[in-house]
Amino acid sequence: MANAVYPGSFDPVTNGHIDIIHRASRIFDSLTVSVLNNKAKSPLFSVDERVNMLKDVCRDLPNVRIDSFSGLLADYVTENGYEVVIRGLRAITDFEYELQMAQTNRKLSPKADTVFLTTSLEYAYLSSTTVREVAAFGGDISLFVPDLIADRIYAKLRPIKPE
Ligand code: ADP
């Protein structure tokens, strides 16, 4: 059975990501969730912070480990011998970009396949960007992320945490 990797920004990890992680961990022997260190973006959380948050939310999943990478996903996949890349699909708006990326990665790393898991309906609207924006304006993010992640987001954005 296959070893899978779920790459992403996870800035921060949301309930939508966690749902994909749980479902993928039931399908594959081992799952590595890997934080992309994208130097072109200025993230809210550092790579180390994002890795630590993922470790906390995946604590109870014995076949899940957390990693990070920079550079091309295809190179990372080839170097580590992953057979499957997991991506989540929320809406048709995700599809065009994801299809292009999957096809490019298959050219660059022919031994690996991309497997898409469709979002659970209750998370279809949810993105890290939404969570950051709602939190930045002091809104309630308790439906979007676990409490321990919400605490870290508000701590980062202090002093505008709602009372
Ligand atoms: P985002 O900032 O859009 O959340 P990420 O790079 O962190 O992006 O996402 C990593 C992967 O997780 C992508 O394949 C993305 O489509 C998927 N994903 C993100 N949010 C959800 C969600 N709510 N439901 C399903 N998949 C999701």
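None of these values were measured; they are calculated from a predicted model.

A. Representation of the site of the ligand. In the vicinity of the ligand lie 17 residues, with Y6, F10, G88, T119 and Y123 positioned nearest. For the ligand, a nitrogen atom lies 3.0 Å from a polar atom in the backbone of L126. Within the backbone of S128, an N or O atom sits 3.4 Å from an oxygen atom of the ligand. For the ligand, the protein covers 90% of the area, taking 540 Å² as the surface of the free molecule. Using a 2 Å cut-off from the grid points, one finds that the ligand occupies the largest pocket. Breaking the shell around the ligand down by element, the ones donating at least two residues are β1 (3-8), α1 (15-27), β4 (84-89) and α4 (92-108). Classifying every residue of the shell around the ligand by side-chain character gives six nonpolar, seven polar and four charged.

B. Structural context of the sheet that holds strand β3 (residues 64-69). The strand order across the open sheet formed by five strands is β3-β2-β1-β4-β5, and the pairing between neighbours is parallel. What marks the edges here is a single partner per strand, and that holds for β3 and β5 (113-118). Each strand axis lies, on average, 30° off the axis of its neighbour in the sheet, ignoring direction. The sheet contact formed by β4 and β5 spans six bridges and is parallel. Within β5, the residue paired with I86 across the bridge is V115.

C. How the structure looks around the nonpolar core. Counting residues in each nonpolar core, the largest one holds 38 residues, and the members touching the most others are I21, L31, V33, I86, I141 and I153. Secondary structure elements with two or more residues in this core: β1, α1, β2 (30-36), α2 (47-57), β3, β4, α5 (128-136) and α6 (147-157). Contact partners of I86, with chain neighbours within four places excluded, come to A4, V5, Y6, P7, I20, A24, F28, L31, V115 and L117.

D. Inspection of the packing of α5 against α6 at higher detail. Viewed as axis vectors pointing N to C, α5 and α6 meet at an angle of 55°, and their least axial separation amounts to 10 Å. Here α5 is positioned oblique relative to α6, judged by the angle of their axes. Viewed along their axes, α5 and α6 form a crossing whose handedness is right-handed. Of α6, the residues touching α5 (which contributes V131, R132, A135 and A136) are I153, Y154 and L157. Per-class residue counts for the contact of α5 with α6 are six nonpolar, no polar and one charged.

E. Main features of the pattern of salt bridges. Counted by the stated rule, this structure contains nine salt bridges. Notably, a salt bridge pairs R23 with D19, separated by 2.9 Å at the nearest N-O pair. Here D19 and R23 lie together in helix α1, a separation of four residues that amounts to about one turn. Using a relative accessible area of 16% as the deciding quantity, one classes D19 as buried. When the shortest N-O distance is used, the salt bridge between R106 and D113 registers 3.5 Å. Residue class for R106 comes out partly exposed when judged on its relative accessible area of 41%. Residue classification places D113 among the partly exposed positions, given a relative accessible area of 38%.

Cut-offs and rules
- Residues numbered from 1 in each chain as written.
- Predicted model: local features only at pLDDT ≥ 70, side-chain atom pairs only at ≥ 80, totals over all residues.
- Heavy atoms only, no water.
- Near = heavy atom within 4 Å.
- Polar contact = N/O pair within 3.5 Å; in protein donor to acceptor, adjacent residues only side chain to side chain.
- Areas by Shrake-Rupley, 256 points an atom, 1.4 Å probe, with all protein chains shown as cover.
- 1 Å grid on protein atoms, 1.4 Å probe; cavity = no way out; pocket = protein on both sides within 12 Å on 5 of 7 lines; lining within 4 Å.
- Sits in = over half its atoms within 2 Å of the grid points.
- Helix = DSSP H or I, 4+ residues; strand = E, 2+ residues; numbered from the N terminus.
- Nonpolar A, V, L, I, M, F, W, Y, C, P; charged D, E, K, R; others polar.
- Pairing = 2+ DSSP bridges.
- Axes fitted to C-alpha atoms, helices over the stretch in contact; angles between N-to-C directions.
- Core = buried A, V, L, I, M, F, W, Y, C linked by side-chain atoms within 4.5 Å.
- Buried < 20%, exposed > 50% of the residue type's maximum accessible area, 1.4 Å probe, protein only.
- Contact = heavy atoms within 4.5 Å.
- Parallel < 35°, antiparallel > 145°, perpendicular 65-115°, else oblique.
- Left-handed = near helix turned anticlockwise from the far one by under 90°.
- Salt bridge = Lys/Arg side-chain N within 4 Å of Asp/Glu carboxyl O.

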